[in-house]
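Okay, here's what each chain looks like letter by letter:
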Amino acid sequence: MAKHHPTRIATMTLALLLALSADAFGTRPSSPRSLADTTKRTESNELNPRTEVDRKTEAAALELVQDHLPELKSVLQRLRADEPRQYNRAIIDLARSAKKLEVARNRDVTLFEIEAETLKAQNAVSLLTAKLKVRDNVSDRQLLRRAAIRLQEAQIARAQYDVESLTARLQRAKQQLDSAQQRLAARREVLDRDSEKAYLAALRKAGRQPVSATVRRPASNPPPANRPASQHKQPD
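In what follows, the accompanying structure is described.

Here is what the cut-offs are and how they apply
- Residues numbered from 1 in each chain as written.
- Predicted model: local features only at pLDDT ≥ 70, side-chain atom pairs only at ≥ 80, totals over all residues.
- Heavy atoms only, no water.
- Helix = DSSP H or I, 4+ residues; strand = E, 2+ residues; numbered from the N terminus.
- Buried < 20%, exposed > 50% of the residue type's maximum accessible area, 1.4 Å probe, protein only.
- Contact = heavy atoms within 4.5 Å.
- Axes fitted to C-alpha atoms, helices over the stretch in contact; angles between N-to-C directions.
- Parallel < 35°, antiparallel > 145°, perpendicular 65-115°, else oblique.
- Nonpolar A, V, L, I, M, F, W, Y, C, P; charged D, E, K, R; others polar.
- Salt bridge = Lys/Arg side-chain N within 4 Å of Asp/Glu carboxyl O.
- Core = buried A, V, L, I, M, F, W, Y, C linked by side-chain atoms within 4.5 Å.

When its secondary structure is counted, the chain shows 8 helices and 0 strands. Listing the helices and strands of the chain from first to last along the sequence gives α-α-α-α-α-α-α-α. When each of the 236 residues of the chain is scored for burial, the buried share is 29%. Looking at the chain alone, contacts between residues at least 24 apart form 72% of all its contacts between residues at least 6 apart.

Let us look at the packing of helix α4 (residues 73-82) against helix α5 (residues 84-107). As a packed pair, α4 and α5 sit with axes 6 Å apart at the nearest point and diverge in direction by 135°. Overall, the two elements α4 and α5 adopt an arrangement that is oblique. Judged by residue contacts, Leu-76, Leu-79, Arg-80 and Asp-82 of α4 engage Pro-84, Gln-86, Tyr-87, Ala-90 and Leu-94 from α5. Among the residues making up the contact of α4 with α5, the classes are represented as 6 nonpolar, 1 polar and 2 charged.

Attention now goes to the packing of helix α3 (residues 55-68) against α5. In the contact formed by α3 and α5, the axes pass within 8 Å of each other and the chain directions differ by 70°. It follows from the interaxial angle that α3 and α5 lie roughly perpendicular. Contacts between α3 and α5 involve Thr-57, Glu-58, Ala-60, Ala-61, Leu-62, Leu-64, Val-65 and His-68 from the former and Tyr-87, Ile-91, Ile-92, Leu-94, Ala-95, Ser-97, Ala-98 and Leu-101 from the latter.

Within the element layout of this structure, Ala-60 appears in helix α3. For the pair Ala-60 and Leu-94, spaced 34 residues apart in sequence, the C-alpha to C-alpha distance is 7.9 Å.

The final tally for this structure, using the stated rule, is 10 salt bridges. Among the salt bridges present, the one from Glu-117 reaches Arg-150, with a minimum N-O distance of 2.6 Å. Of this pair, Glu-117 sits in helix α6 (residues 109-134) while Arg-150 sits in helix α7 (residues 138-189), and the two are 33 residues apart along the sequence. The exposure class of Glu-117 is partly exposed, given its relative accessible area of 28%. Salt bridges sharing common partners tie together Glu-115, Arg-158 and Asp-162.

The next point concerns the nonpolar core. Judged by nonpolar contacts, the single largest core of 24 residues is most densely connected at Leu-64, Leu-69, Leu-72, Leu-76, Leu-94 and Leu-101. The next biggest cluster of nonpolar side chains, apart from the first, holds 6 residues, and it includes Ala-121, Ala-124, Val-125 and Ala-147.

Structure representation (structure tokens):
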């Protein structure tokens, strides 16, 4: 049996990791690709060989590996020594995943745990797929099956989380709608009163006084004056 160089395995592992884990975090649209296509894309000029990742990016990526993906340590060490371009690409992608996890952590602890589990499961699938590509093994097939189930369960947990979050959001929206409708009804009930108050306030601001609601008007036909009864003498 041919002996496979560790760096080649590491490169293949990285290619699979980038291709398969991208879907888990939505960083790239999913489309079926062969390992050869993926490896070729990874080795393309998409990342300049002389490109150096900054220390902050590298630190974030290595912290992610330390906390959640320790199985990638040896892969990264080989790539850093033998394939600097591939190492840089891996660091950039891992730092992107670390950023997404940090966003999830700030949003909700439950969401962070789900996303971390999804990343771990996806990484396990990627590593086992790379191992089986190099050499078929019954034990690795069984582990791959378990990893695939684990990944599906993590994705179902995320879907369940989304349903629960949307349900809670809809309930809050319903309560806000009920409150808004009550405020609308209350405003309509006092429309005349509030309109008059607003009118009077505007008049005062303009320095004007409101006209009295009751205005006396002179009578058009005043009643005749009373005359003494003895004014006219009756004839005999």
